Amino acid sequence: MSSKAESSKMAASNGITADLNGANYDLPWVEKYRPVFLDDIVGNTETVERLKIIAKDGNMPHVIISGMPGIGKTTSILCLARQLLGQAYKEAVLELNASDERGIDVVRNRIKAFAQKKVTLPPGRQKLVILDEADSMTSGAQQALRRTMEIYSSTTRFAFACNASNKIIEPLQSRCAILRYARLTDAQLVQRLLQVCNAEKVEYADDGLAALVFSAEGDMRQAINNLQSTWAGFGFVSGENVFRVVDSPHPVKVQAMLKACWETKIEQAIEGLEELWGLGYSCHDIISSMFRVTKTMPGLSEHARLEFIREIGFCHMRILEGVQTLVQLSGVVAKLCRINMKPHLFQPPS
């Protein structure tokens, strides 16, 4: 058996997509291994189970799926559409992304024309309009959609994918079932990354997978993209190589700086900060890494962890307001050092 056929067979056995004819081999891995059926989706088990019941019964309501990027919102809707519509999928689904024009004219013309179009469907099924990144639609376009949803609800159902459901106007929310997706856990990310590594015969180290999970923050799409970039660039997925690709401060260095703060070694902490600054990382990169490392840093008491997060949060707020300087970061390092220092050290001399 050829290597391509072996890879295809392995990918199929893992429940992920691969074209047996080899047509998908030039695709980015995030598309090549995009799930085709609801059973293949990783994470958000309870919500996906609800979608499986909808796919089985065939009576789909209008739905809004909200959650952070890269956790399977659009993929879930596409999988549901395939299982509902079968062979009629291509003709009976209209997908509009944020990159498409989706103003009032599109709602009045293109969506309405699709809703009026006659398509041969399986018994008891309806056509499906998928509006990805729906929270970026203008308020006017959303208002124009209300009446269309009511008039054509017997033949057409609407599915919205968005990052923040509160940006969908109330009249649309009241017409839809709202499903909320949570970020994926580390174990779920590792599970899918291992499937892709096995299918693509990627050589990796454990610290490489840990680095992918750390940098992705629950975003499956980013984790797979970083995996492919690291493999293409270095030929081996190690922690050091991953952090070169994602271009973020290495958490070991950030942890050493925070440990120095906890031990009140301010000179050592400032040296660590200046080293990161000298490597060219921005204020936002450094403060974001400090926040992520603090959440999982061993040796900190619960009180100290909360105090660290509080000071880092205030600094992050000032950085987002535009104060992106080394002095700003040095100030938060000094405040972190002060948390564990003895109070009498700050008393003025008598």
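See the structure printed just above.
These numbers come from a predicted model, not from an experiment. (Residues numbered from 1 in each chain as written. Predicted model: local features only at pLDDT ≥ 70, side-chain atom pairs only at ≥ 80, totals over all residues. Heavy atoms only, no water.)

Draft legend 1. Local environment of the overall build of the protein chain. When helices and strands are counted, the protein chain shows 17 helices and five strands. Per-residue burial over the protein chain gives 46% buried out of 350 residues. In the structure as shown, the protein chain presents an accessible area of about 17800 Å², 51% of it carried by carbon and sulfur atoms. (Helix = DSSP H or I, 4+ residues; strand = E, 2+ residues; numbered from the N terminus. Buried < 20%, exposed > 50% of the residue type's maximum accessible area, 1.4 Å probe, protein only. Areas by Shrake-Rupley, 256 points an atom, 1.4 Å probe, with all protein chains shown as cover.)

Draft legend 2. Region of interest: the environment of G331. Residue position: G331 is located in helix α17 (residues 326-339). A sequence separation of 61 residues divides G331 from I270, and the C-alpha atoms of the two residues are 9.8 Å apart.

Draft legend 3. Spotlight on the environment of T230. Among the structural elements, T230 can be located in helix α11 (residues 220-234). Residues T230 and R244, spaced 14 residues apart in sequence, show a C-alpha to C-alpha distance of 8.4 Å. The residues contacting T230, other than those within four sequence positions of it, are G235, F236, V237, N241, V242 and V245. At 2.7 Å, the side chain of T230 forms a polar contact with the backbone oxygen of N226. (Contact = heavy atoms within 4.5 Å. Polar contact = N/O pair within 3.5 Å; in protein donor to acceptor, adjacent residues only side chain to side chain.)

Draft legend 4. Region of interest: the packing of helix α10 (residues 206-216) against helix α12 (residues 239-246). Two elements in contact, α10 and α12, have axes whose closest approach is 7 Å; the angle formed by their N-to-C orientations is 30°. With respect to α12, the element α10 is oriented roughly parallel. Every residue of α12 that contacts α10 at D207, G208, A211, L212, F214 and S215 is listed here: G239, E240, V242, F243 and V246. Grouping the amino acids of the contact of α10 with α12 by side-chain chemistry returns six nonpolar, three polar and two charged. (Axes fitted to C-alpha atoms, helices over the stretch in contact; angles between N-to-C directions. Parallel < 35°, antiparallel > 145°, perpendicular 65-115°, else oblique. Nonpolar A, V, L, I, M, F, W, Y, C, P; charged D, E, K, R; others polar.)

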